[in-house]
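Now for the letters of each chain:
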Amino acid sequence: GGYASNPSVKQTVKDIVQWCKELGIYVIIDWHMLSPGNPNDATYSGAQAFFEEMATLYKNEKHVLYELANEPNGVQWPAVKSYHNKIISAIRRIDTETIIICGTPTWSQEIDKAAADPVDQPRNVMYTFHFYAGSHQSLLANVETY
């Protein structure tokens, strides 16, 4: 399990961030969700405090990126966007520059929803789009507009 069910993994996250720094590679601090897929679920109530701590620790580390909700599912973009806005705001009070990656609904496949209605603070924000060439050809129409 991840941090939401096992907060002791936070030390592993810190260790990996340090190892990546030593190796000269980027690292994404990734808040993955599968079940429940709604980032606003009480299961994930520790997300804001977690990312505030990560932002405090790593705000000057150029190799760190934050992914706020990897693969939200069973929830629409307005709910995911609301979560992103809350966490982005918390991070930006501490760290104004680090790239933030925002997942999109349906396991990060509905990037068109985010493109049509972006988060409130879009500077240095990227949206996740999971595309599998063997099975997701129908998703291309969602992104061709943008």
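Structure shown above.
Here the structure is a predicted model, which is why all the values come from computation and not from measurement.

Cut-offs used in this document
Residues numbered from 1 in each chain as written. Predicted model: local features only at pLDDT ≥ 70, side-chain atom pairs only at ≥ 80, totals over all residues. Heavy atoms only, no water. Helix = DSSP H or I, 4+ residues; strand = E, 2+ residues; numbered from the N terminus. Expected span 1.5 Å × (residues − 1). Buried < 20%, exposed > 50% of the residue type's maximum accessible area, 1.4 Å probe, protein only. Salt bridge = Lys/Arg side-chain N within 4 Å of Asp/Glu carboxyl O. Phe/Tyr/Trp six-rings, centres within 6.5 Å; stacked < 30°, edge-to-face > 60°. Polar contact = N/O pair within 3.5 Å; in protein donor to acceptor, adjacent residues only side chain to side chain. Contact = heavy atoms within 4.5 Å. Pairing = 2+ DSSP bridges. Axes fitted to C-alpha atoms, helices over the stretch in contact; angles between N-to-C directions.

A. A look at helix α3 (residues 77-92). An ideal rise of 1.5 Å per residue puts 22 Å on 16 residues; α3 measures up with 21 Å between its terminal C-alpha atoms. When we look at burial in α3, the residues that qualify are Trp-77, Val-80, Lys-81, Tyr-83, His-84, Asn-85, Ile-87, Ile-88, Ala-90, Ile-91 and Arg-92.

B. Structural view of the pattern of salt bridges. This structure, assessed with the given rule, holds eight salt bridges. Between Lys-81 and Asp-117 there is a salt bridge, with the nearest N and O atoms lying 2.6 Å from each other. Of this pair, Lys-81 sits in helix α3 while Asp-117 is found in the loop between α5 (111-116) and β4 (125-127), placing the two residues 36 residues apart along the sequence. Overall, Lys-81 belongs to the buried group, its relative accessible area being 13%. Look at Asp-117 and you get partly exposed, because its relative accessible area is 32%. A salt bridge links Glu-97 to Arg-123; the shortest N-O distance between them is 3.0 Å. You can see Glu-97 sitting in the loop between α3 and β3 (100-102) and its partner Arg-123 sitting in the loop between α5 and β4, a full 26 residues away along the chain. A residue is classified by how much of its surface remains accessible, and Glu-97, at 39% relative accessible area, is partly exposed. For Arg-123, a relative accessible area of 51% translates into the label exposed. Each of Lys-10, Lys-14 and Glu-53 takes part in salt bridges that share partners, so that together they form one network.

C. Seen up close, the packing of aromatic side chains. Taken as a whole and assessed by the stated rule, the structure comprises eight aromatic pairs. Look at Trp-31 and Phe-51: their rings are 6.0 Å apart centre to centre, the planes differ by 50 degrees, and that puts the pair in the tilted class. Of the two residues, Trp-31 sits in strand β1 (residues 27-32) while Phe-51 sits in helix α2 (residues 47-58), which places them 20 residues apart along the sequence. Each of the two residues, Trp-31 as well as Phe-51, counts as buried. Ring centres 6.1 Å apart and planes at 75 degrees place the aromatic pair Trp-77 and Tyr-127 in the edge-to-face group. Taken together, the residues span a long stretch of sequence, with Trp-77 in helix α3 and Tyr-127 in strand β4 at a distance of 50 residues. Here the aromatic cluster, defined as three or more aromatic residues joined through ring pairs, consists of Tyr-3, Trp-31, Tyr-44, Phe-50, Phe-51 and Tyr-66.

D. Spatial organisation of the side chain of Glu-110. With respect to the helices and strands, the residue Glu-110 is situated in the loop between α4 (105-108) and α5. Take Glu-110: its relative accessible area is 16%, and that puts it in the buried class. In terms of polar contacts, Glu-110 uses its side chain to reach the side chain of Thr-106, at 2.5 Å. Residues contacting Glu-110, with those up to four places away along its chain left out, are Thr-104 and Pro-105.

E. View of the sheet that holds β4. The four strands are arranged β1-β2-β3-β4 in an open sheet whose pairing can be described as parallel. The sheet is open, and its two borders are formed by β1 and β4, each paired with just one other strand. Averaged over all pairs of adjacent strands, the angle between strand axes in this sheet comes to 20 degrees, irrespective of strand direction. Packed onto the sheet, α3 meets β1, β2 (64-70), β3 and β4 and runs at close to 150 degrees relative to β2.

Function cannot be inferred from these measures alone, as they are strictly geometric.
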